[in-house]
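# Tertiary structure, described
This is what each chain is made of:
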Amino acid sequence: MNRISRKLIVSGLLTALALPMTAMASSNDKHHDGADRKEGLDKILASWHLSDEQQQQLDALKQQQMESRKQLKEQKFDSREARRDAIQAQREEHKAALAEILDENQVKVLEAYWSAGKPMHGKHMDKHDGKRHGEGKHADEHGGERGGKHMADNGKQRMQLMGALFDSWDLDDDQRSALKDSFKSMRDDMESLKKTDFESREARKAAFEDLRKTQHDRLAKVLDD
């Protein structure tokens, strides 16, 4: 992989993390969400330039984890607590296995990535939920509280993930500061776009795509291969 390609991988990944309209944001389409998350994970792994042996070990561990999850799903437990304990034990075992392949910062990145992909707790408020849980102001208030908390948690998780990525890439203080400045510029640009009246959905989509490219260029100026 050449230098330019590696820069595109890293800057594209950070742009995806920073923009809520990307793969890191929650999706109602499980198929696309799963594909997007796999693509994001592939970009993270590519940014570390792992050896062939490490990649083979990760592939084998992934297969092992899939089989373990299948066994747990089919296994009958005496209680919910027993099932929860078994799942937690599996996670700890998987984390320990990862630590044998990756360094401490890389393991933290993967943990943060998986945490950022967990669905929000509770139900989304829609017309069906309104009928079950109450309508009008009461439902709006609680739905708004849950939605606001979810947005805050989602942003916090993305920031934790980016911090872990910075550590795994051994970025210095100047690079971290420059990247934070680029994210602030991106957020300002996004707020401006949100207040803009577009003539069509296509024009709006094109404007946000231009924002993605602009942020991509900002990041590429800070990060080396």
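Fair warning: this is a prediction, and the values are worked out from it, not measured in the lab.

## Considerations on the pattern of salt bridges
- If you walk through the whole model with that rule in mind, you get 9 salt bridges.
- The partner of K108 in a salt bridge is E104, with the nearest N and O atoms 3.6 Å apart. Pair noted here: K108 and E104 are both in helix α5 (residues 104–116), with a separation of 4 residues, about one helical turn.
- The partner of D189 in a salt bridge is R218, and the shortest N-O contact between them spans 2.5 Å. Within this pair, whereas D189 is found in helix α8 (residues 173–194), its partner R218 is found in helix α9 (residues 201–222), the two being separated by 29 residues in sequence.
- The class of R218 is partly exposed, set by a relative accessible area of 21%.

## Brief notes about the nonpolar core
- With 25 residues, the main nonpolar core has W48, L58, L98, L102, V109, F166 and L179 as its most contacted residues.
- The contact partners of V109, leaving out residues within four places of it in the chain, are I44, W48, L161, A164, L165 and S168.
- Residues M186, L193, A207 and L211 belong to the second largest nonpolar core, which totals 6 residues.

## Overview of the packing of α8 against α9
- Axis separation between α8 and α9 bottoms out at 10 Å; the angle between their running directions is 170°. Relative to α9, the element α8 is oriented roughly antiparallel. Note on element contacts: α9 touches α8 through R204, A207, F208, L211, Q215, R218, L219 and V222, opposite Q175, A178, L179, S182, F183, S185, M186, D189, M190 and L193.
- In the contact of α8 with α9, the residues fall into 11 nonpolar, 4 polar and 3 charged.

## Here's the deal with the environment of R83
- Relative to the helices and strands, R83 is located in helix α4 (residues 80–99).
- Overall, R83 belongs to the partly exposed group, its relative accessible area being 32%.
- Here the alpha-carbon distance between R83 and L72, two residues 11 residues apart in the chain, equals 8.1 Å.
- Sequence-distant contacts of R83, defined by excluding residues within four places in its chain, comprise L72, K73, Q75 and F77.

## Here we look at the side chain of S182
- Secondary-structure assignment places S182 in helix α8.
- Within polar-contact distance, the side chain of S182 engages the backbone oxygen of L179 at 2.6 Å.
- What S182 contacts, discounting residues up to four positions off in sequence, is Q215, R218 and L219.

## Digging into the confidence of the model for the protein
- Averaged over all residues, the pLDDT of the protein equals 76, while 67% of them reach at least 70.
- Put simply, helix α6 (residues 127–133) is where the protein has its lowest mean pLDDT, 43, and α4 is where it has its highest, 92.
- Here residues 19–28 is a poorly scored stretch, pLDDT under 50, and it has 26 contacts once near neighbours within four places are set aside; other chains count.
- Contacts for the low-pLDDT stretch residues 120–135, under 50 throughout, to residues beyond four places or in other chains number 15 contacts.

## Looking at unusual backbone geometry
- Positive phi, close to 55°, is recorded for H49, a residue that is not glycine.
- Checked against the element boundaries, H49 lands in the loop between α2 (30–47) and α3 (52–74).
- By relative accessible area, which is 46% here, H49 ends up partly exposed.
- Of note in the backbone geometry, D170 takes a positive phi value of approximately 55° without being a glycine.
- With respect to the helices and strands, D170 occurs in the loop between α7 (137–168) and α8.

## A closer look at the packing of α3 against α4
- Between α3 and α4, whose axes approach to 11 Å, the crossing angle comes to 175°. Compared by their axis directions, α3 and α4 come out roughly antiparallel. Residue-level contacts link L58, L61, Q64, Q65, S68, R69, L72 and K73 of α3 to R83, A86, I87, Q90, E93, H94, A97 and L98 of α4.

Calculation rules
Residues numbered from 1 in each chain as written. Predicted model: local features only at pLDDT ≥ 70, side-chain atom pairs only at ≥ 80, totals over all residues. Heavy atoms only, no water. Salt bridge = Lys/Arg side-chain N within 4 Å of Asp/Glu carboxyl O. Helix = DSSP H or I, 4+ residues; strand = E, 2+ residues; numbered from the N terminus. Buried < 20%, exposed > 50% of the residue type's maximum accessible area, 1.4 Å probe, protein only. Core = buried A, V, L, I, M, F, W, Y, C linked by side-chain atoms within 4.5 Å. Contact = heavy atoms within 4.5 Å. Axes fitted to C-alpha atoms, helices over the stretch in contact; angles between N-to-C directions. Parallel < 35°, antiparallel > 145°, perpendicular 65-115°, else oblique. Nonpolar A, V, L, I, M, F, W, Y, C, P; charged D, E, K, R; others polar. Polar contact = N/O pair within 3.5 Å; in protein donor to acceptor, adjacent residues only side chain to side chain. pLDDT = per-residue confidence, 0-100.

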